[in-house]
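Here are the chains, one letter per residue:
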Amino acid sequence: QEFLWLIRNAYFLYTTSFHGLAFGLIFQKKMIVQDNPTAPLRITDLLETLNAKDLLNYSIDEAINSNPKNVLANIEVEKEKNENYLKEIVKNVIS
């Protein structure tokens, strides 16, 4: 709960964690995402899926001038794809 409050109320986010990235995107925060050697694929896969790889290793100036709302549209597209996929699976199971 405190973790989410901190991210939701942050003006700016610097994270090396997948969850920090995910919630930063959900809350549309300006952020710098630093490579995490213990979980690099989770972070880069999410950024690639959302066409937001440019968030990785941003400079402070780039991050401050970024528009996190641009990623929101990509999140919605992925959400719709996943919902359709799940509906199709359920439909096939029920049929």
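Residues numbered from 1 in each chain as written. Predicted model: local features only at pLDDT ≥ 70, side-chain atom pairs only at ≥ 80, totals over all residues. Heavy atoms only, no water.

**Description of the packing of helix H2 (residues 18–26) against helix H3 (residues 40–49)**
The interhelical angle for the contact between H2 and H3, taken along N-to-C directions, is 25°, at an axis separation of 9 Å. Classified by the angle between their axes, H2 and H3 sit roughly parallel to one another. For the pair H2 and H3, the contacting residues are Phe18, His19, Leu21, Ala22 and Leu25 in the first and Arg42, Ile43, Leu46 and Leu47 in the second. Classifying every residue of the contact of H2 with H3 by side-chain character gives 7 nonpolar, 1 polar and 1 charged. (Axes fitted to C-alpha atoms, helices over the stretch in contact; angles between N-to-C directions. Helix = DSSP H or I, 4+ residues; strand = E, 2+ residues; numbered from the N terminus. Parallel < 35°, antiparallel > 145°, perpendicular 65-115°, else oblique. Contact = heavy atoms within 4.5 Å. Nonpolar A, V, L, I, M, F, W, Y, C, P; charged D, E, K, R; others polar.)

**Thoughts on the packing of aromatic side chains**
Scanning the entire structure with this criterion turns up 2 aromatic pairs. Here Phe3 and Phe23 contribute two aromatic rings whose centre-to-centre distance is 6.2 Å and whose plane-to-plane angle is 80°, an arrangement assigned as edge-to-face. Residue Phe3 is found in helix H1 (residues 2–8), and its partner Phe23 is found in helix H2; the two are separated by 20 residues along the sequence. In this structure Phe3 comes out as partly exposed when scored by relative accessible area, which is 43%. A relative accessible area of 25% means that Phe23 is categorised as partly exposed. Aromatic pair Phe23 and Phe27: ring centres 6.4 Å apart, planes at 25°, arrangement stacked. Members of the aromatic cluster, joined through ring pairs, are Phe3, Phe23 and Phe27. (Phe/Tyr/Trp six-rings, centres within 6.5 Å; stacked < 30°, edge-to-face > 60°. Buried < 20%, exposed > 50% of the residue type's maximum accessible area, 1.4 Å probe, protein only.)

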